Structure formats: C-alpha cells, structure tokens
Protein chains: 8
Amino acid sequence: MLTLVASGQMSPAEAAAQIDAPDFADLGFARVDMRRQLRTGVTEVVYGEGKTAAQIASICEALREGGQGRVLVTRISREKAQDVLGTGLFPEACYWEPSRLLLTAPLPQPDGKGTVAVVCAGTSDLPVAEEAAVTAEALGNKVERVYDAGVAGIHRLFASADVLATARVVIAVAGMEGALPSVVAGMVPSPVLAVPTSVGYGASLGGLAALLAMLNSCASGISVVNIDNGFGAAFQASLINHL
Amino acid sequence: MLTLVASGQMSPAEAAAQIDAPDFADLGFARVDMRRQLRTGVTEVVYGEGKTAAQIASICEALREGGQGRVLVTRISREKAQDVLGTGLFPEACYWEPSRLLLTAPLPQPDGKGTVAVVCAGTSDLPVAEEAAVTAEALGNKVERVYDAGVAGIHRLFASADVLATARVVIAVAGMEGALPSVVAGMVPSPVLAVPTSVGYGASLGGLAALLAMLNSCASGISVVNIDNGFGAAFQASLINHL
Amino acid sequence: MLTLVASGQMSPAEAAAQIDAPDFADLGFARVDMRRQLRTGVTEVVYGEGKTAAQIASICEALREGGQGRVLVTRISREKAQDVLGTGLFPEACYWEPSRLLLTAPLPQPDGKGTVAVVCAGTSDLPVAEEAAVTAEALGNKVERVYDAGVAGIHRLFASADVLATARVVIAVAGMEGALPSVVAGMVPSPVLAVPTSVGYGASLGGLAALLAMLNSCASGISVVNIDNGFGAAFQASLINHL
Amino acid sequence: MLTLVASGQMSPAEAAAQIDAPDFADLGFARVDMRRQLRTGVTEVVYGEGKTAAQIASICEALREGGQGRVLVTRISREKAQDVLGTGLFPEACYWEPSRLLLTAPLPQPDGKGTVAVVCAGTSDLPVAEEAAVTAEALGNKVERVYDAGVAGIHRLFASADVLATARVVIAVAGMEGALPSVVAGMVPSPVLAVPTSVGYGASLGGLAALLAMLNSCASGISVVNIDNGFGAAFQASLINHL
Amino acid sequence: MLTLVASGQMSPAEAAAQIDAPDFADLGFARVDMRRQLRTGVTEVVYGEGKTAAQIASICEALREGGQGRVLVTRISREKAQDVLGTGLFPEACYWEPSRLLLTAPLPQPDGKGTVAVVCAGTSDLPVAEEAAVTAEALGNKVERVYDAGVAGIHRLFASADVLATARVVIAVAGMEGALPSVVAGMVPSPVLAVPTSVGYGASLGGLAALLAMLNSCASGISVVNIDNGFGAAFQASLINHL
Amino acid sequence: MLTLVASGQMSPAEAAAQIDAPDFADLGFARVDMRRQLRTGVTEVVYGEGKTAAQIASICEALREGGQGRVLVTRISREKAQDVLGTGLFPEACYWEPSRLLLTAPLPQPDGKGTVAVVCAGTSDLPVAEEAAVTAEALGNKVERVYDAGVAGIHRLFASADVLATARVVIAVAGMEGALPSVVAGMVPSPVLAVPTSVGYGASLGGLAALLAMLNSCASGISVVNIDNGFGAAFQASLINHL
Amino acid sequence: MLTLVASGQMSPAEAAAQIDAPDFADLGFARVDMRRQLRTGVTEVVYGEGKTAAQIASICEALREGGQGRVLVTRISREKAQDVLGTGLFPEACYWEPSRLLLTAPLPQPDGKGTVAVVCAGTSDLPVAEEAAVTAEALGNKVERVYDAGVAGIHRLFASADVLATARVVIAVAGMEGALPSVVAGMVPSPVLAVPTSVGYGASLGGLAALLAMLNSCASGISVVNIDNGFGAAFQASLINHL
Amino acid sequence: MLTLVASGQMSPAEAAAQIDAPDFADLGFARVDMRRQLRTGVTEVVYGEGKTAAQIASICEALREGGQGRVLVTRISREKAQDVLGTGLFPEACYWEPSRLLLTAPLPQPDGKGTVAVVCAGTSDLPVAEEAAVTAEALGNKVERVYDAGVAGIHRLFASADVLATARVVIAVAGMEGALPSVVAGMVPSPVLAVPTSVGYGASLGGLAALLAMLNSCASGISVVNIDNGFGAAFQASLINHL
C-alpha cells in the first residue's frame, strides 16, 4: 500500500482510511470485506448477479468509506447499472454493456509490468473477451486485443504472433471445441490463462466441452477458469502482471 | 462385384459362391451375413470382442464358404489371435498386435482412388492410429502415416502439410483435448474423419473430452466416430476413397 | 479454382480477386478468412448465431470484395435475416425459414458428381433435415429428400431403398433413439453421415441419447456430427460428392 | 396357490407349509420373505451378488422349509455355485454358467399361456439374453430364442418375423446403439420388454447409450429394464405370460 | 381385425378400407403408416409436439380415409387442439387439457380383459398420471385411479391395496425419488409399469433421479418408460390387458 | 401431543380433533395425511409447487378441520399466495416473499431446546437461507442468522464463531464451490446441515458442484440436503432441536 | 471435557495432556489435530485410505501422547490393520473386517442419551451398515440393528416399527433405488440420516442412483451423506445422540 | 537462451546445438520438438504414460543431441524408470517414486525470482503435491511445502500463513470437496494454482467434485488444472516465478 501511496496511485487519506477500517462492514445482507487490499494487495470486487441495485450501491459506498474509491462490479445488467448510476453517488462511474462491467471511477493508469494479451476464437466470444480485457484495464494493466483468431483459419492467429509472444500473460478465450489455448501455449513463453465460453450448441453442453478440452490440453503452461469467467482470468493475469 | 472380378480382385468362383449364398448362415450363436458384399459392396467384418476364438474361426470359415476369403477381425487379443492362427485354417492370416487386427489373407493391392492420410496427435495415440491405418490397407487403400503431430508444437504438423493436402480423405486421431481435427480441417480440401482416443486422465473422462471437442469443432468438413474407433473411421474413409 | 473458372462456376474476375486478396480482412470484431476457397476449395460460411445483422452484412461484403459472391449464413433468425435483406446490399439473397439459412446469391447449378440423399426419421426432424438439404444445394449438390421414414414403421424406409442405394452420400437425420443411421448403413454401399436432433423429451437429454446411439452404431460406414448440425453433415457430404 | 396345487405344480404339503409360514424368517443377515408367493403369486428369487455361498444356501433352505422348493439364484459366480452345489443340500440343483443362474430344482414344465421370444442383437449379448431365457424357463414359460439379429443386417431379423409375431411377449436384448427394440416393436402386436446391455466401448458408457436409446424409442409398446438385467425382463414377461 | 369387426368395435367398411389401404400415405412432410393396425393390432397414434395443427389434421384425415376413425393425438397444446377442433373435420373429437390429449372420436367401450390401475405419488404428478389414464381409456381399458399415495405416508397407499391387487396391470407414476413402484411391486401379483416424472428440483435433474431409481428397483416385476411418458406406459398396459 | 397440550402449544380441542381424525382426507386430487402429527410429532407441510391456489387452500382447510391450525406452505409464488390470502379463510396467515413461504397462522413461540444458527456464504444465497430460517421459526425454534460469511474472507466467519459454537444445530448454506460447511464443521461441536444452492454459473451446473463438494466434505459431522432445499434442512434441524 | 472427566470417561491425566497439547503435531506427512476434542467435543478420527500402516500408527501414537487414547481408524484394509496391530503399540486394539474399522482401545460404555437405530435394505448393504453401527458404538452409543428390511417386502420393515420409532436417531442404509429412507421417515418422529450404498449395477452408476433418490425424498426429516459413508452418518448421529 | 548461457545454466555448446537443431527429430513413433526452448523458453518435457521405456530413452537421447541435457519425464512407473536408468545412458538421472518423475540430470540450482509454495489438504494428496513440488524444483524453483493443512482444522493452515503470504506463487492441492484453494486465495496476494486430486470415493467421482468446486471458487485469483495434474500447475508456476 505504501508503494501505491508513493506512486500516487492511492492518496494518503485513502491509505489511512483503509488502515483504520474495521475488518468488515456488516450491512445486514452483506459483510463487506474492508481489508482485502491490505491483506491481498487487490481491491474488493462486487459480484453483481443476485444483488439489487440498492445493495450494490450500498456496498460500493461502504468500500469508499473504507478507503477504496474505485470499485469494480461484475455481471451487472444494463438496468441495474443505470439504477446505480442514477443515484448520483458515483459521478465518475462508467458502464460497459457487452461485458456487463461497472467501475465507480475512471480507468486507472496502467501500472502492471507488461501487457496482457486477450485473444479470442470467434466473434461470438467477444462479450467474454471484453469482460477479461476491461477487467484487466480496471486493475491497472495495458491490454492488447486479438479477436476472431480461431484455429480453423490458423494464419489469422499467426498474424498476431508477435503481440502474443511479447505479452507477459496471455488470456485465451474460446467456446465450441476450445482448442485455441493449446495452440497459443505452444507459441509463447508466458503463462496462458484459458477461458472456456458457453458459445456453441448441442454437445457443447453450455461450455462444458470447451472447459474439458482446456483442462486436458496437451500443451504445458495452461490453467483454466470457469465457463464465461473472463473476470477471473483477468484478475489472475493482473496478479501475475504486477508481480 | 463384377468390377471386382474384372479387375482380378475376386475370382469368378468367389463371385459365384456369393451369388449362390443364402442370406445368412445360422451358426446358432451367430447369423453370419452372407450377402453384405452384394448389398453394400464391402465385405463383412468380425468384431472380435466378446467372442471366443472358436466362434471367430467358425464365422470366418462360414464367410469363406460364402465366397469371402479375406476377413478382417477387429479388437482381437493376442491370445485369441494365436488360437485362431493355431487352428491352421487360415495359413495366410496375419495379426497386428498394437492395433489388435487379424486378417485371414494377405493385405490386398490398393484399389482406392487416392491416398488415405492418418495423422495422430501423440505417441500414445498410436494403437488407435494403427487400427485405422491397417484397416484402411486391408480394405484396399494406400495409406500415408503422419504421427506425433499434435497442436502444441504445430510446426510438426505443418511439416506434413503436403501429405495432408493431397490425400483424398484424412483421418485425424487425438486424445486429451482433441484439437487436431479442427486445425487439420482448416488446412485441407478433403473430408476429415475425427477419431477421439481414450488417452488422457482425470477430466478426459475416458476420451469423452476429446469426443465432445471434435463434435463441436469450429471447422467445417469434420465428422466423428466413437472413442478409439480407428476401424470405423477407416471403413468410412475406404468407402469415400472408392467412390 | 481454375477448374471452377473453366467450368463457368466462377468468373475470372472473382478468381483474380481471390488470388489478390489479403490473407484475411480485419473488421475489428472479425478476421474474415479471404483465402479459404484457395486453401480448402470451399467458400467461407458465416455462423449467424451471436452476431448482429450489421456484423453479418459486413462480413458478407468483405467476402464479396475478396471475390466470394455467394455466401451462406447459418443459424440466422428471421428478424436478423430481414435486416440483412433490408440493407439492399444483396438483392439476390434468399432466406429459408425452417432451416434458418440465408444465401446472398441464388442457388447454384449442381456440380457434384452424384446425389446427396437426406433421410429423416420423423416430421419433427424436418428443420434439421432441411438445413442439411438446403446447405447441400447451396454448395452445388443435387439433393433427394426422404422424410418421415423412422424405424418404427420400417416399410416406409424400404419404400425408398432405391433412392438411398443410388445416392453418393446419405445424410440420416433422427432424434429420440437415433436408430435410423444404423438401419440405413446396412442397406447402402455409400458413406452415411448421421445427424442427431434434439427432438424428444426427458431422457433424450436434448439430443444426447440420439448422439450416443449413433456413435455406438453396430453398422459400419457411419460418422456423426453435432446435435442439430444439419449444416455440418451437408458440408462434408458436399466435399465427398465433389471428390 | 390352490390352482398350483390342483395342477400338480405344487404339492399339498408345500402349500400347507407356505400358509403356516411366518411372514419372514430372520436369519440375522437376512429377513427371508416367506409369503411372497401367497402375496404376489411368484416365488422369491435370491440376488446372489454380495452374498456368500453359505448365506445363499441358508436362504434357500429357509425358503424350502417355508414351502418353496424351487429357488432361483441370480448373478452367482461359478465358484459360489460350486460351493452351494457342494453342500449336497440341493441334489437336483443345476447351474448355467453364461447366465450365472442357479436353480435348486429342475426346470418346471411350462405353464405360461404362450411363448416368450428372446431376441438379441449380437453374439456378445448372449450372456444377458441367456439370463432372460433361462429365467423365463425357470418361471414356467416356453421360450423361443432368436440370436444375432441386429439391425445392421436387418434381413436376419425379418427371417424370424413369424416367431416374433406369434410370441405373447418379446424380450429384445441389445447393446451399443440399442436400436433393436424399436424395430421389433414396429413388427409385432405384443408388448416388447427392452434390455440394454453393457456391450460396447467408449461412448457406450457401460450400456447407458443403449439404455437411453430404448427409453426414447419412437415405437410404442416398449418398456425398459436396467442394463444387463435379463432377469428383470424375464420376470415381468412371465407375469404377463401367466395372466 | 376380424375379431374387432365381429365384436362391433370396427365396422366392416373400416376393415375393408384398412385392407385396401396402401402401406403408407405420403403427405410430403409425413409418411402415415396405414397398416399399423393390421400389423400390430393397435391403431396409429400421432405425436403432437413439433407438428403444426394443419399437419396434425391432415394426418388424422389420412388415417380416417385408411379406415382408422379414432385417432389419439398426444402432447398437443390447448392452442393447437382448438385449431384442430376448429376445422370442423372431427365433430366428435374431444380434448383433455391437463394431459394434453386429443381423441378424434368419443372414448370407446372398454374391451380389455381387466382393469388398469393408475397410481401416482403426489398431486404434482397428476398431469402425467392423467395422460396414462386417458390414453388407457382411449385404447379400450377400464381404469382405476389412485392419486396422491406417495411412500412418505404409506398408509394412504395401503388404503387402496385392493384396487391395486385386483388390477391386471398397474401403472405407477412418481417424481422426486421415484420410490412408489418398488413398494407397489411388492404388494401386487401383476406387472408394474413405472413412469418417472419431472416433478422435483435441484438434484432431481429433470426427472433423471426418479428414472434411475425405478430402473434400479429391488422389487421384481417392474419395467420403466421415459420421463413423463404416461402415454407409453398406458399403451403397453393396454397391450397386456388385451392379451 | 399431550406435552403440546400441557404446554399450551395446542388446545385440547385441536388434540381431540387430531385423535378423531381419519387416516387421511381424500380430496380427489390429494390424500391429506391427517395423522402425521400423531405419528411423527410434526405437523404436515404443503409443497406449493405444482398445486393451484385452490388446491392449496383446500388442503389447508382439511388439515385445520383435522386439528392442525398452523400449516406451512413452501415454494408458493407471490401470486398464488395472494390468491390464498384473498380467500379470507386464513385471516392470520402471513407470507415471506424472498423465501416463498406461507404460514396460515402467526409464528409460534419457540419451544426448541437451543438455537438454530443459519449461516450463509454470500448475499445471493439469502433466499435459501431465509427459507431455512423462517421454516425453523415456523416449527418453533429460535434462530440466529449469520449472513455473507463466505470462506474467501474467512475473518467474517470467525467474527461469528461464538454464535455458531453455542448453537444446538448449524445450517450452512452456500452455492458456488460449497466450501462453507467444511470450515464450519471444524469449528463447532454440533451437527451441521449443509444446503447447496444454485447460485453460480457455468461449471456450477445449477448447484451440483456445491452439492458434490458438501457430500465429499473432509470434515466430520455434516449431512446434506437437496439443492436450494432450505426447508428440508430446517425441518431436520427442528427435529434435532426438539429432541 | 470436564464432563467426561467427571463421568469417568476420561482420566484427569488425559484431560491435562489435551489442554497442554500443541495445536497440532507436525509429523511431516501429517499435521495431527491435537485439539479437536477441546474444540468440537469429539475425538479425532483417522481416514485410513491412502495412508501406510506406519503412517497410521504414528498418527495414533501422536494422538495418544496428546491425550486421546481411543482412536478410530476408518477404511483400513485387513493387511494394514494387521500391520498396525502387529506393532504391539496398541495391545487393546481391535479390528472389524466387514466394516474395515480399527479402534485402538476397547469399545466404550454407551453415554449417548438414546439409541441409534441402523436399518438397511438388503444383505449386500451389510458392510456399510456395519461401518455405521460400529462407528456409533465406538463413539459411545447404544445401537439397534434392523437388517434386510427393504421396501419390496415392506412387512419386514413394519415388523421393526417399534425399534425405529423409539430410536433417537435412525440411520437408513440402502443401495439400488434408495427408497428405504423415504418410507422410514414417514414412520418415525426422529431425524433420519440416509446412507446410499454402491450396491447395484448398470444404471445404479456406483450408487449415484440411490444418492439422488435420497436427496429428492418426498419425506421430510432426511439428510444424506456420501455413498458408502456409514462412518459419516454415524458420526453425526452420535453428535445428535449426545446433545 | 543467451541469459541461460551467461548465467552458466547452459553451456555454449548446448546453446549452439539448439540453434543448429532441426525443427523436430522424427523418430517414426515421435516427432521430438527440438526448438521448444528457443520458442517458449522452457525445455521439452516427456509424458511417460503410454510410451515404452525404449521410446522414452530414445526421445531423451534425441533431446540431448539437440542440446537439452536435462529432460523431465512425467508419469513414469517404477518399472519403466528402472529400465531407462538401466540403459546407462543417463548416469546422473534420478527417479522420485511417489511422484513418478524421472530427471535425466541432477536438480538445477533455483533461478526463479521467489518461492513456490505447495500446500496440500491431506496426507492422501501427497503424491500429487510431490509431483508439483519436484517438477517445480526440476524447472529451477525454490519450493516450500505445507502438507496436511485441510480446512477441517483450519488452524493448521493458518500456522503456515507466513510461508504462503511470502510465496510468489501458491499451488494448492486438494481432493474430496476441494475447498483449500478458496481459503488460501483469501489469505495471500499472489496467484493461486489449484490442483484437484482424485482422493475420495463415491460422489467424489474420481476428482470431478474437487475440480468443479475449484472452478466455482468464490475467491478471486484462482485458476485450475486437470485432476491430479501436479506437473501442469508446477510448470505454469515456474513460468510465473521466472517472469
């Protein structure tokens, strides 16, 4: 945290607020973790699904009072986001529709050590890829996007080989047969985080086919997150990029 | 059949035997289909698993009496094969151990129109790939083998691009994530028959992961057979190569 | 391609456009493969699901500029299709509602070597059967349809035995228990491409029961595509029929 | 029961023993149901798996004391059967190895109203088919066997159409894709009991593929029992045949 | 059929129509089986799901022309049924809403040999139980209903023991844990047809839990049909009751 | 029951009504169990899903006539609840929307021996946690709620260690990875009833992931109920708390 | 613990040793929890599977040094148990073969408040039932056994209705369709802990069918443990019986 | 590579050999990737399962000739390892039995930037944890082991909080309910790689329960590898630790 203060990423007041904060704020319906940044170095993120707009706003306020001014909310629908924005509590907040992300403050300057490349297999995988890309940006990373580069026309992937090879982490997003991460991992020296998507039908089983494929990759250097979990991959990519 | 006789593939006596044959020979434990060649143009094949050596020998004899001298037996263990060979009934028979195939007569001269390429992802997929390759040869096809060319080191696959591109049919064999057929289908103008294998562990679920991946391929021109069913792919490849 | 030009299937201008085309056109949201026809002999097909009408129209335009005037779009809803047609960009385009297919130019003259037979088990399987039939026609094949010929009244199937026996490829479409391809493959000398459908309820598990049955067929000469993937079967059938 | 006595199937002493029997005999490890025949009209059957030879012998003795002299034991291995026979307690008992059945008295004279036809798809399905056939005989039915009549060579099935059409009940046994019952049910006016078997590999999933297929049959008049449960089908067939 | 004529169930004209009928009537979208009654003794039934009202009406008309005046249509929604009734083609038709059944003529007089008992576990299972009961009535059976008699209050089941014990066939309908058929089969001397329903949530997996339980019943004399398939159980029950 | 009367929980009239009640009241669509309280000590509960408001009201009336004035109805939607309340038959009834519970009389005074703690992992699990909490209260238990105390910020759980340690039973509710019960069971000396919820997406498989995790807990003292079955856990917790 | 000392269950020396014990003893391969008894009131249990006899002996010794003289080891094979007994370290230890349990000291005097009834469905379920029964005894409970009382002959269960109704907790063990707990829970006023077993074949899926059935029980008052986990049910039963 | 040479990790000769190496060495049964180190910075690893000892030795030799003297072989049984060691080709090779790893040269000096912590839940998870730990060491990382620290006695985990918090990457290994990674990820600021193991029985489904739990973790910063894939986690951990 002291590093963040020194670098201007966090104001001394925010830091003081965090140190003085209680362990958690009990809102009745939620126990907001006020010390996650102190403990794990990363700010708390709010999972928007299954929470009302009012609950989301309250949690973000509690966090701001605890010293965390920039809160990322995931899987929040357009309607709920408009309600949160409409409260006027977060005048600088912005919302990304395809990726269903809301950030209560503007995107920060990147402070990660390298770039995070986000590569996806098809146009239909875009929402998940964007969830990964915007999350990574919200957590302070420079992001390179390589979209619609599936293995059925593999020259489209090779055309971006340089971008991939120079990234510090690669997030590979694919539905259907989920083959993309295996090919990418054979091309780059960096860790590859694989994100299966629910794109497909029939025997894709809602993304299970892609998930299983990625878990069974013959290439080394791959790990996998839940189906459609672009956020999860970006969060871990950010941890790695800030090491 | 007349074509086969004209080309010397089948003797007039064999042809006559087949035409005179009853619909099937009832051996009690089996009803041997004596007219498959007349009906579908391809000889009867014997599935060895779950049959005794004596049953297998009887069926092959019945088929020979019906005019089919060259019988392919699949999934027959070394022990059973030795028992069948030991009867002395099929002096020209030979057995391939890795692929567990037995043929009651020597391999025929290829009479297919082009080559059948068999490409596999890893060394562990070899038994299934060989089942495909030897079956294709037993059914009269010229076969090109491209082995251990998985997508994690994709230059190994590209090194054989010519062999693949000039084949009339490609059989792509892979376990684990089963990504090989998708990449191959994007490289060649011919139909690709995908064979998932049970190679892998954990979430490979005995080959289901590879099977699902292949069924969900984003590449066009692929169809799939059962896990480890090298025979099935080769049988259809042979039908296509003889069109 | 030269053959296509010689036969009048493709104009010299289209051919020149394709040869001069870049590897792919990067539309931001999509990397349109401009050389698939050169590489695999078949034109690029657009998967409509998960793409907006505007995205689909852009991709079709890019392909036309690259020399491919006839583009097939699959799984495109009536609404999106009307939007694409409403742009006026593709005055000759037509749309098939049950099969959700759109073609940006009229159906071509068949140039395949034989006929593709499409046989389905029940009336409820019609949309998938039609996806297969129209796709095959769009790719230049003569198609014979044999509908509602399930195995529970097997004389209905035998009544069309001649149509099936003389086809160069047979596409067999069935839901529920998926038994049709096994019976058909025992009747014909040609390759059988099996398409499971999601018709059924309860233990049909959205078509998985039919899919598993087809993968386990006791008949030789069958390969299988994804559930409801009439397009995929027709694409491979067309490859085979043009060999 | 009085009918059985009148017809000489059961001696007056046996009948008296049953009427006087307690509800069950408590052997500690087992509570032997002594009144099943009174209650349901059919004698008690012993499931041999997971019981020792000594336990099986004790249960059969207890049943004999309760008036049931002919006891069927299912799924009993050759070793255990020899131990039971070796006790000398059941001098007339006999054992069928493929079907793993033991009967403590000779097969009875058939007293069912018609015949039970047992039809199976392949030679590998024989053990299950025999479990059905011998069970039906042990329960007093005349049995007709039609073996190796799978749908891939459907003329072999049609050759036995008369046997099937005149049976009072048909038991159809099949592994792999499990298509046989659907075809049979379209040919006969009697109820069809379908028995899936674990014959197959890969995507047969130990018989689940055949089970699912049979449950989803498009033909009417079919019901299904557990995988490899030839006994269960025969038991119900016997109930029907004795109505 | 002659029996039907003799008993007045079928008019001589209907019988003549059936004998003269072609094997099937090809309506383009459907091949209506015109000889099922001759072949299997039971009239053709129309599966309503996935067919339009117009298609259903056409098929019923074709069957009537072929001599079958009473046609049962299953799984037909209220809307479609009203459209079929609205055509005026079948003035005597009636529709049962909970069971989604339509019959083009009034219910026939029962001609089965005994009664068919339909027992269900809970009030939520009623629609499936009614599908079974009305189908059985439509096929000429006397039906006894025992509803809401689940095993958690087993005295409610025992209160109807007589009805169950005297039925010629019992249809046992249950969702959730599907235990009812096991208990019933231990109480009655007749065959029990088990129908799992999709009633439940969570780990009931849409009825799979009940289906698996019924397939694994420790009681003898049970066979099983697909989830929610009240029709299928009643059809087979009718076959048995007419033996 | 006498205890209930002595303690004023049940009036002598109610007790007399129960003793005089028939075994069950047959409403046609339902057989209402009138003696459950006598037999098992707990009043009958009505499962609201799949029943109409009229059916629910009738059952509650029948139970009241049988002496059970306080009836709990589970899984009843807001609309149906309003219809039941609108009948005016149960003027003291109240409805809890998040937990979809209706009680035909006010909450009783707690008579359980200790407290039932309900702990849940996240805010999205609240509806299921509330179903458990309100059910426990309706059955006469004092309830302590500890909400949003998931294992990712485990200090939030430890902050309530005392509440958990002094409860007589703990109900632990969690979706996603379902880890909460394992951690809780290592902290407390009382039995832990685990409730998986359907909160999550992708590989959570509708709550199956949490269910499997809980069944495989490495901690002793845990048992599990169906997904989202807060009622079931509370019912058993109440039995334990009243021992 | 003081209660245990006061009642003579634990010597003052043992109690002192436990209070002085470190949090855990680190044996390198294991961190033995030395304060579980202090924390949860129950002694530590050792899971024998996947541990060597030497590891098991070391852990038991470490626990004895920490004041816990009676250690229960579960799922320990006959061979390993003999090795542990052969060390001579635990002269009073005894081993139960069917249930694979080892106890390093004699069974204690029961100190639970009531009896624990263990009821199982069939003879094949005995090993799991015995694991439950002996575990309960080892934890200080009086146990009543009711074996082979499955629902197919339900009078065998009713014959023991008194034993079940007077137990403080009932453990119901069943494989195959797992119906027993539902029937039992409708008969008794106490909590029912359901244990599915892997007894069965085919669609029993290694016990999953029974597990799913129990989770979906229509009876209230049931919770469920893992397949074959007799220990887990007994552990929780003991917690309840000692409340 | 130049860095490796500069630091003495690789000799100039080895580097030169690698640069001069062909793309791959074709051994017939294998195409050994000779440039992986150049391309991805990490040496090639050999998957031992499904390969003979002779094949393994040949591949290691080919790699050594290509400049890679230290080759890691995974999943190699004791017997095969002894055969490889017995060839005398790799005099410095050593073998780790629990983790089934073979290294053809001694362990290298650590050159990673921080430590890799390997934490496992139970003693039975040790083989997988050791596969991770030894692999990480073989790839040049300093490793800290924290074993038997499952969540059921969570103080054992907290006792090692410092080791975990200061690691650069944490590998968390757990079977059964797989809860460990969720708790760990809430305690540390570094990325957590989760490894599910096949430890467990019944509903653990061979490790699927743990795998699903980890994929659904409510904690951020976790990614997952295949069941029992300690190697895969260590490989990616090493990539991260060398960034």
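What you see as residue numbers is a count from 1 along each chain, following the sequence as written. Whichever chain is written first becomes A and whichever ligand is written first becomes 1, with later ones labelled in order. The model is predicted, so local features are restricted to residues of pLDDT at least 70 and side-chain atom pairs to those at 80 or more, both for listing and for counting; the totals for chains, interfaces and linings are taken over all residues. For the side-chain quantities, the full set of heavy atoms in the structure was used; hydrogens and water were omitted.

(A) Region of interest: the relation of the copies chain F and chain E. Overlay of chain F on chain E (RMSD 0.0 Å): rotation 90°, translation along the axis 0.0 Å. When the rotation and shift are considered jointly, the pair of chain copies conforms to a four-fold rotation axis. Scanning chain F for the C-alpha nearest the rotation axis identifies F:Leu205, at a separation of 7.4 Å. Alignment of the copies relies on least squares applied to C-alpha atoms, considering only residues that score at least 70 for pLDDT in both.

(B) Spatial organisation of the relation of the copies chain C and chain B. In screw terms, the move from chain C to chain B is a rotation of 180° and a rise of 0.0 Å along the axis, fitting with an RMSD of 0.1 Å. Such a combination of turn and shift is consistent with a two-fold rotation axis. Looking at the rotation axis and the C-alpha trace of chain C, the residue lying nearest is C:Val224, at 2.5 Å. A shared binding surface is used by both copies, with 100% of the interface residues of chain C retained as interface residues in chain B. Contact definition: two residues touch when any of their heavy atoms are within 4.5 Å.

(C) Examining the pattern of salt bridges more closely. Residues and elements named next belong to chain C. We count a salt bridge whenever a side-chain nitrogen from Lys or Arg sits within 4 Å of a carboxyl oxygen from Asp or Glu. Per the stated rule, a full pass over the model turns up 56 salt bridges over all chains. Residue Glu49 is joined to Arg100 by a salt bridge in which the shortest nitrogen-to-oxygen separation is 3.9 Å. Here the residue Glu49 occupies a position in the loop between β3 (45-47) and α4 (53-65), and Arg100 occupies one in the loop between β5 (94-96) and β6 (101-103), the gap between them amounting to 51 residues. Look at Glu49 and you get partly exposed, because its relative accessible area is 31%. On the basis of relative accessibility, which here comes to 33%, the residue Arg100 falls in the partly exposed class. Only DSSP runs of H or I covering at least 4 residues are called helices, and only runs of E covering at least 2 are called strands; the numbering of each starts at the N terminus. When accessible area is computed with a 1.4 Å probe and restricted to protein chains, residues below 20% of their type maximum are described as buried, those above 50% as exposed, and intermediate ones as partly exposed.

(D) Here's a closer look at the state of the cysteines. Two cysteine sulfurs form a disulfide in these notes if their separation is within 2.5 Å. Applying the stated criterion across every chain, the model contains zero disulfides over all chains. Unpaired in this structure, A:Cys218 has its nearest cysteine sulfur neighbour in B:Cys120, at a distance of 12 Å. Take D:Cys60: it sits in no disulfide, and the sulfur closest to it among the cysteines is that of D:Cys94, at 13 Å. By relative accessible area, D:Cys60 is classed as buried at 1%.

(E) Expanded view of the interface of chain C and chain B. Between chain C and chain B, the residue contacts involve 30 residues of the former and 30 residues of the latter. Of the roughly 2,400 Å² buried at the junction of chain C and chain B (both faces included), carbon and sulfur atoms supply 60%. The quantity reported as buried area is the accessible area (1.4 Å probe) lost by two parts once they are put together, taken as the sum for both. Counting the surface chain C buries against chain B, the share from its top three residues, C:Leu215, C:Gln236 and C:Leu243, is 23%. At the surface where chain C touches chain B, the tally comes to zero salt bridges. For this analysis, a polar contact is any N or O atom pair within 3.5 Å, provided that within protein one partner can donate a hydrogen and the other can accept it, and provided that sequence-adjacent residues contribute only side-chain to side-chain pairs. For the pair chain C and chain B, the interface holds 10 residue pairs in polar contact (both at pLDDT 80 or more). When contributions to the side of chain C that touches chain B are tallied by element, the ones reaching two or more residues are α3 (36-40), β10 (192-196), α10 (208-215), β11 (222-224) and α11 (230-241) of chain C. With five residues, α11(C) is the single largest residue contributor to the side of chain C that touches chain B. Grouping the amino acids of the side of chain C that touches chain B by side-chain chemistry returns 17 nonpolar, 10 polar and three charged. For this scheme, ten residues count as nonpolar: Ala, Val, Leu, Ile, Met, Phe, Trp, Tyr, Cys and Pro. Four count as charged, namely Asp, Glu, Lys and Arg, and the remainder, Gly too, count as polar.

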